[in-house]
Amino acid sequence: MPTFPPVSEEVLRRYDVPAPRYTSYPTVPAWTEAVGPAALAAALHRASQTPAAPLSTYVHIPFCRERCTFCGCNVVVTRSRDKADRYIETLTREMDTVARHLGDRRSLSQIHWGGGTPTFLDERQIETLWTAITDRFRVLPNAEVAIEIDPVVTSRSQLEVLRQLGFNRISVGVQDLDPVVQKAIDRVQSVEETRAALDHARALGFKGINFDLIYGLPHQTPKTWQRTLEQVLEMRPDRLAVYSFAFVPEVRPNQKRLAVAGIPRAYEKLELFRLAWEALTGAGYQQIGMDHFAVPEDELAQAQSKRALGRNFQGYTVQAATEVVAFGASAISDIGGIYAQSPHGLPRYEEAVNRGELAVERGIQLTADDLQRRAIISQLMCNFWVDLRGVPGYERELSRLAGPELEGLARVRGREIELTPLGRIFVRNVATVFDAYLERQEQSFSRTV
Ligand code: SF4
């Protein structure tokens, strides 16, 4: 049975520090309003010059019926179907504007609907949105078409419609199955509901089924968490994301309603991750990337074994598309050498789109140095390894990794860096070594554990 690397209190003190998750590089605090509609238009024009290259697309559906207290997403709490109809019309208008700039570059190898709660949309709305996409873009035959679902609000017939349309991947929000924890985070979802969603998705032929779990939630104890893990492993999803709970009430005011006293910290939190790591690797799952696990037959695990795993805003992927075109409020495109994020608030997003503009609030134009550092950080985050032979420079970074400051996290052989089992847990700390912006940023990131 694999063993979790020992982490002393001293090591934890040293490495459990705020650090970015590196879903983007440069990270969001470095983005500015200098990137607006004109910058995105130029980037889309650059992207249009390679019409055969497939794209990945993200569609943000911000609606939720209720606001869970732990949530860190951009959501709009509503029960109004009309609001969703209006939003789909706006998305369609946005797709028209973006597609015009993209010219003939219209093939999609990856589609992801995230939220919010994408299955807030009813069957008719799901079909309408899907048709809006497929009228403007070509979905490639082997495309990965994924959606995030909340089992409590997702009906059997919604799953059936999604599958018929061509969705083939599903990510199920679970977080924790303990009733006390669920009550504390205002997200009550029975084991039976979770199992029924999984069984039905499997019967319909969805692959790469993922469960999202969160450790560090209020009232989670080693005992309750172990029980959650056992129940999850009985269901054996193909993939598991085990996220550290980011308690940032100053950024997410809804988290102010959480019982602070019950929130596990530092060593208690690491202990919860250790339990998950041991339960999952003991059950045959492979740790892929920072906080994800997959059964060995899953394509993500196989790609990682060949050091070929990739990552974008949608998560880990084996798809070749590196450029992302995103639609919806707060959605982030990563295309033509820029990151561009649309306005967070629904009214501002809708106004921009309805004026016929490209909806962009902020972003960053990546320099050659940014692109290279991003590639290095991505290798580390995905494959726990990077080879800098043939890449000039980075002497300071290599010596920092080999030095006492980050002792025990990486093995540096010449210009090749391989993370140790301890370094895999603190991969964000290793990645910060290659972050050229961090020293200038005062922004608060979540802690690494
Ligand atoms: S956790 Fe999910 S369902 Fe709850 S408010 Fe956030 S996005 Fe909505």
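Residues numbered from 1 in each chain as written. Predicted model: local features only at pLDDT ≥ 70, side-chain atom pairs only at ≥ 80, totals over all residues.

*Asks:* What am I meant to see in the overall build of the protein here?
*Replies:* Counting its regular elements, the protein contains 15 helices and 19 strands. With respect to the principal axes defined by its C-alpha atoms, the protein has extents near 55 × 55 × 40 Å. Here the contacts in the protein between residues at least 6 apart in sequence split such that 75% fall between residues at least 24 apart. (Helix = DSSP H or I, 4+ residues; strand = E, 2+ residues; numbered from the N terminus. Contact = placed C-beta atoms within 7 Å.)

*Asks:* I keep staring at the sheet that holds strand E17 (residues 385–387) and nothing clicks. Help me out?
*Replies:* For sheets, the rule is that strands pair by backbone hydrogen bonds, running either parallel or antiparallel. Read across the sheet, three strands follow the order E17-E19-E18 without closing on themselves; strand pairing throughout is antiparallel. Two strands in the sheet have a free side with no partner beyond their single neighbour: E17 and strand E18 (410–413). Here the strands of the sheet are splayed against their neighbours by 10° on average, with no regard to which way each runs. The pairing of E17 with strand E19 (residues 416–419) spans three bridges and is classified as antiparallel. Its bridge partner being in E19, Trp385 is matched across the sheet by Glu418. With respect to the sheet, helix H12 (residues 368–383) is in contact with E17 and E19, its orientation differing from that of E17 by roughly 140°. (Pairing = 2+ DSSP bridges. Axes fitted to C-alpha atoms, helices over the stretch in contact; angles between N-to-C directions.)

*Asks:* Is there a simple way to think about the site of the ligand in this case?
*Replies:* Around the ligand sit Cys64, Arg67, Cys68, Cys71, Cys73, Val75, Gly115, Gly116, Thr117, Asp150, Gly173 and Arg187, and that is every residue in its neighbourhood. Residues of the shell around the ligand, tallied by class, amount to five nonpolar, four polar and three charged. (Near = placed C-beta within 6 Å. Nonpolar A, V, L, I, M, F, W, Y, C, P; charged D, E, K, R; others polar.)

*Asks:* I keep staring at the nonpolar core and nothing clicks. Help me out?
*Replies:* Leu380 and Val430 are the most contacted members of the largest nonpolar core, which has 127 residues in total. It is helix H9 (residues 266–282) that provides the largest number of residues to this core, a total of seven residues. Residues within four places of Val430 in sequence aside, it is in contact with Leu380, Leu401, Leu406, Leu409, Ala410, Leu419 and Gly423. (Core = buried A, V, L, I, M, F, W, Y, C linked by C-beta atoms within 7 Å. Buried ≥ 20, exposed ≤ 12 C-beta atoms within 10 Å, placed from the backbone.)

*Asks:* Help me understand unusual backbone geometry in this model?
*Replies:* For residues that are not glycine, phi is negative in most cases, and the peptide bond is trans in most cases. Tyr25 connects to Pro26 through a cis peptide bond whose omega is -5°. Residues Gly115 and Gly116 are joined by a peptide bond in cis, for which omega reads 15°. Checked against the element boundaries, Gly116 lands in the loop between strand E4 (107–115) and helix H4 (123–136). At His219, a position not held by glycine, the phi torsion is positive, near 70°. Relative to the elements of secondary structure, His219 occurs in the loop between strand E7 (207–215) and helix H8 (222–235). Using a count of 20 C-beta atoms within 10 Å as the deciding quantity, one classes His219 as buried. The phi angle at Arg236 is positive, at roughly 45°, despite the residue not being glycine. Structurally, Arg236 can be placed in the loop between H8 and strand E8 (239–244). Judged by the 14 C-beta atoms lying within 10 Å of it, Arg236 is partly exposed.

*Asks:* What is the right way to read the domain arrangement of the protein from this model?
*Replies:* Size of an interface: often given as the accessible area lost when the parts come together. When cut into domains, the protein gives domain 1 (1–26 + 367–438) and domain 2 (28–327). For domain 1 and domain 2, the distance between their C-alpha centres works out to 26 Å. Every contact between the two is made by 19 residues of domain 1 and, on the other side, 20 residues of domain 2. Sorting the residues of the side of domain 1 that touches domain 2 by element identifies helix H1 (9–15), H12 and helix H15 (427–432) as the ones contributing at least two each. In terms of residue count, H12 provides more of the side of domain 1 that touches domain 2 than any other element does, four residues in total. Of the residues belonging to the side of domain 1 that touches domain 2, the class tally is eleven nonpolar, four polar and four charged. (Domains from an automatic or database assignment.)

*Asks:* Sorry, what's going on with H4 here?
*Replies:* Residues that lie three or four places apart on an α-helix share one face, since the helix turns once every 3.6 residues. Compared with the 20 Å implied by 1.5 Å per residue over 14 residues, the 20 Å span of H4 between its first and last C-alpha is a close match. Taken as a whole, H4 has its buried residues at Ile126, Leu129, Trp130, Ala132 and Ile133. The buried residues of H4 occupy an angular sector of 155° when projected down its axis, which confines them to one face. Along H4, exposed side chains directed more than 90 degrees from the buried face belong to Arg124, Thr131 and Asp135. Along its buried surface, H4 packs onto helix H3 (81–102), E4 and helix H5 (156–165). (Expected span 1.5 Å × (residues − 1). Arc of directions from axis to C-beta.)

*Asks:* I would appreciate a short explanation of the environment of Thr3 in the present structure.
*Replies:* Topologically, Thr3 is positioned in the segment before H1. Thr3 sits in the exposed class, given 11 other C-beta atoms within 10 Å. Sequence spacing of Thr3 and Gly282 is 279 residues, and the spatial spacing of their C-alpha atoms is 8.8 Å.

*Asks:* Please explain the environment of Asp150 as it appears in this structure.
*Replies:* Among the structural elements, Asp150 can be located in the loop between strand E5 (138–149) and H5. Residues Asp150 and Glu193 lie 43 residues apart in sequence; the distance between their C-alpha atoms is 9.7 Å. If we ignore the near neighbours within four places in the chain, the residues touching Asp150 are Thr117, Thr119 and Gly173.

*Asks:* Teacher, can you tell me more about the packing of H3 against H4 here?
*Replies:* The description of two packed helices rests on the angle between their axes and on the distance between the axes. Orientation of H3 relative to H4, taken along the N-to-C sense of each, is 5°, at an axis distance of 10 Å. In terms of axis orientation, H3 runs roughly parallel to H4. Together, Ala84, Asp85, Ile88, Leu91, Thr92, Met95, Asp96 and Ala99 of H3 and Gln125, Thr128, Leu129, Ala132, Ile133 and Arg136 of H4 make up the contact between the two elements. A per-class count over the contact of H3 with H4 returns eight nonpolar, three polar and three charged. (Parallel < 35°, antiparallel > 145°, perpendicular 65-115°, else oblique.)

*Asks:* Looking at this structure, I do not really get the pairing of E8. What am I missing?
*Replies:* Regular strands show a simple pattern: their side chains alternate between the two faces of the sheet. Taking burial as the measure, the six residues of E8 include five buried ones, the bulk of the element. Across six bridges, E7 lies against E8 in parallel orientation. Paired with Ile214 across the bridge in E8 is Tyr243. Traced from E7 through H8 to E8, the parallel crossover comes out right-handed. Sheet analysis places E8 next to strand E10 (residues 292–294), joined by three bridges and oriented antiparallel. Directly across from Leu240, in E10, lies its bridge partner Phe293. (Right-handed = clockwise from strand over helix to strand, strands pointing away.)

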